[in-house]
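Summary of structural features
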Amino acid sequence: GDSVTQMEGPVTLSEEAFLTINCTYTATGYPSLFWYVQYPGEGLQLLLKATKADDKGSNKGFEATYRKETTSFHLEKGSVQVSDSAVYFCALTTLTGNQFYFGTGTSLTVIP
Amino acid sequence: KAGVTQTPRYLIKTRGQQVTLSCSPISGHRSVSWYQQTPGQGLQFLFEYFSETQRNKGNFPGRFSGRQFSNSRSEMNVSTLELGDSALYLCASRLFFQETQYFGPGTRLLVL
């Protein structure tokens, strides 16, 4: 079945460090891929998405490229800030399934 | 446009009781999904409703049920609460033919 495997956390970085959070997926058909972010005490917010192979999603300095050949959708940011501290979830959906599949989440803490 | 709203935000119940959670989707969104989030299991899909009909269901016992009203508002009910039902319950809405889900802030349920 469809699934998402996400890099285990927690991750602790210093401010302005480079961030990579790995995400790989298994899916039948052609999924759309997403990154969501959850700040403490809040629900999930859409960070970025990509709907087909080689698409790059980007938002707030974060980027992820849909790689069909490696079934991956790694999240990157060149210079993290303290305000980026949150839990990041990789997810996929295939419209035929009417369902989102989420990774386990990666907790990021950025220290000044 | 107002986001997804969930009420109540916090709830404390005792074992054996039942609980009803409410979700109001973004205006115009007719699809509503429910998720349970726990530290051990992560985000797990409960069910999705569209036009008052359940379209998809996750792997949860029959104690978990839901419904959707003609104005797209949705309720989720859990009967005979167990300690393990303590979780953050998230609601998400979307336009039916679009994949992106928009999440509410969640209802945090504590079962004592």
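Residues numbered from 1 in each chain as written. Chains lettered and ligands numbered in written order. Predicted model: local features only at pLDDT ≥ 70, side-chain atom pairs only at ≥ 80, totals over all residues. Heavy atoms only, no water.

Comments concerning the sheet that holds strand β3 (residues 19-21) of chain A
Residue and element names in this part refer to chain A. Here we have four strands laid out as an open sheet, ordered β3-β9-β8-β7, and antiparallel in their pairing. Of all strands in the sheet, those with a lone pairing partner are β3 and β7 (56-59), marking the two edges. Here the average twist between neighbouring strands, direction ignored, is 15°. When β7 meets strand β8 (residues 62-65), the two strands line up antiparallel, connected through four bridges. Counted as the bridge partner of Gly57 is Ala64 from β8. (Pairing = 2+ DSSP bridges. Helix = DSSP H or I, 4+ residues; strand = E, 2+ residues; numbered from the N terminus. Axes fitted to C-alpha atoms, helices over the stretch in contact; angles between N-to-C directions.)

Let's talk about the packing of aromatic side chains
In the structure shown here, the tally under the stated rule is 15 aromatic pairs over all chains. One aromatic cluster in this structure is built from Phe34(A), Tyr36(A), Phe89(A), Phe100(A), Phe102(A), Tyr35(B), Phe45(B) and Phe103(B). (Phe/Tyr/Trp six-rings, centres within 6.5 Å; stacked < 30°, edge-to-face > 60°.)

Regarding the environment of Gln6(A)
All names here are of chain A. Turning to its location among the elements, Gln6 is positioned in strand β1 (residues 3-6). Measuring from C-alpha to C-alpha, the distance between Gln6 and Ala64 comes to 14 Å, with 58 residues separating the pair along the chain. Residues in contact with Gln6, not counting those within four places in the same chain, are Ile21, Asn22, Trp35, Tyr88, Phe89, Cys90, Gly103, Thr104, Gly105 and Thr106. A distance of 2.4 Å separates a polar side-chain atom of Gln6 from the backbone oxygen of Tyr88. There is a polar contact of 3.2 Å between the side chain of Gln6 and the backbone nitrogen of Gly105. (Contact = heavy atoms within 4.5 Å. Polar contact = N/O pair within 3.5 Å; in protein donor to acceptor, adjacent residues only side chain to side chain.)

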